[in-house]
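# Notes for the structure review
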Amino acid sequence: DTFEIGGGPKIRLLGIDASEVSTNDCHSAAATDFLSTKLPQDSLVCLISDPNGDDVDKFDRWLRYAYVQTTGGFIQLNARALRLGHARVFEGFVRGLRYESQLRSMQDLARAEKKGGWGNCGW
């Protein structure tokens, strides 16, 4: 749920929470692979803040929606990570965000289909 742009700021994807790599949580490697695949070197990424949310967190990471260019257009990584079961909605930090209902819908679909961590880890 966090990545760095070319030695610049760290970006924390708004509204989602992925398994922690540092503690080797269930599905953390798959979530990391997802971000690495979607954010190859020299990717075109559009970062959008939420007018209803904070700009930075307590770790000075930028809180953003990240849109990455693919051959079919731009995808929002926050929603895609949820849809594929690589993250869960970050309860307590998603309330009131512009895309809260969309993020919750993506999670509901992944949960129903037992995608990613929903099937592998029993979230």
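It should be noted that the structure appears before, not after, this text.
The following refers to the structure shown. The numbering scheme is per chain: residues are counted from 1 as the chain's sequence reads. This being a predicted model, a pLDDT of at least 70 is required before a residue's local features are given, and a value of 80 or more before pairs of side-chain atoms are given or counted; all residues contribute to the totals for chains, interfaces and linings. Based on all heavy atoms of the structure, the side-chain values leave hydrogens and waters out of the count.

## Side note on the state of the cysteines
For this text, the term disulfide refers to a pair of cysteine sulfurs within 2.5 Å. Inspection of every chain in the model, using the stated rule, returns 1 disulfide. Linked covalently through their sulfurs, Cys26 and Cys121 form a disulfide whose S-S length is 1.9 Å. Disulfide Cys26 to Cys121: torsion about the S-S bond roughly -85 degrees, handedness left-handed. On the criterion of sequence distance, the pair formed by Cys26 in the loop between β3 (16-17) and α1 (28-38) and Cys121 in the segment after α4 (117-120) is long-range, its members being 95 residues apart. Relative accessibility thresholds used throughout: buried, under 20% of the residue-type maximum; exposed, over 50%; partly exposed, between the two (1.4 Å probe, protein chains only). Among the residues examined, Cys26 registers a relative accessible area of 41% and is labelled partly exposed. Cys121 gets classed as partly exposed once you look at its relative accessible area, which sits at 23%. Helix and strand definitions follow DSSP, with helices as H or I runs of at least four residues and strands as E runs of at least two, each counted in order from the N terminus.

## Quick word on the pattern of salt bridges
For this document, the term salt bridge refers to a Lys or Arg side-chain nitrogen within 4 Å of an Asp or Glu carboxyl oxygen. All told, the structure shown has 10 salt bridges when counted by the stated rule. For Asp55, the salt bridge is made with Arg64, and the minimal N-O distance between the two is 3.6 Å. Look at Arg64 and you get buried, because its relative accessible area is 13%. Among the salt bridges present, the one from Glu113 reaches Lys115, with a minimum N-O distance of 4.0 Å. Relative accessible area serves as the criterion here: at 43%, Glu113 is assigned to the partly exposed category. A single network of salt bridges, built from pairs that share partners, joins Glu91, Arg95, Glu100 and Arg104.

## A look at α1
Along α1, the residues that are buried comprise Ser28, Ala31, Phe34 and Leu35. Buried residues in α1, looked at end-on, bunch into an arc of 120 degrees, giving them a common side. Pointing more than 90 degrees away from the buried face of α1 are the exposed residues Ala29 and Thr37. Against the buried residues of α1 lie β1 (2-4), β2 (10-13) and α2 (77-83). What the arc covers is the set of directions going from the helix axis to the C-beta atoms. Note on definitions: a residue-residue contact is assigned when non-hydrogen atoms from the two residues lie within 4.5 Å.

## Thoughts on the packing of aromatic side chains
In summary, the pairing rule links any two rings of Phe, Tyr or Trp, Trp by its six-membered ring, whose centres are within 6.5 Å, and it sorts them by plane angle into stacked for under 30 degrees, edge-to-face for over 60 and tilted for everything else. Summed over all chains, the structure comprises 3 aromatic pairs. Arranged with centres 4.6 Å apart and planes meeting at 45 degrees, the rings of Phe90 and Phe93 form a pair that is tilted. According to the relative accessible area criterion, Phe90 is partly exposed, its value standing at 23%. A ring pair is formed by Trp118 and Trp123, whose centres lie 5.5 Å apart and whose planes are at 80 degrees; its orientation type is edge-to-face. Judged by its relative accessible area of 23%, Trp123 is partly exposed. A cation sits over an aromatic face here: Arg88 above Trp123, 4.2 Å from the ring centre. Definition used: whenever NZ (Lys) or CZ (Arg) falls within 6 Å of the ring centre and also within 35 degrees of the ring normal, the charge is taken to sit over that ring.

Function-wise, these values are silent; they only describe arrangement.
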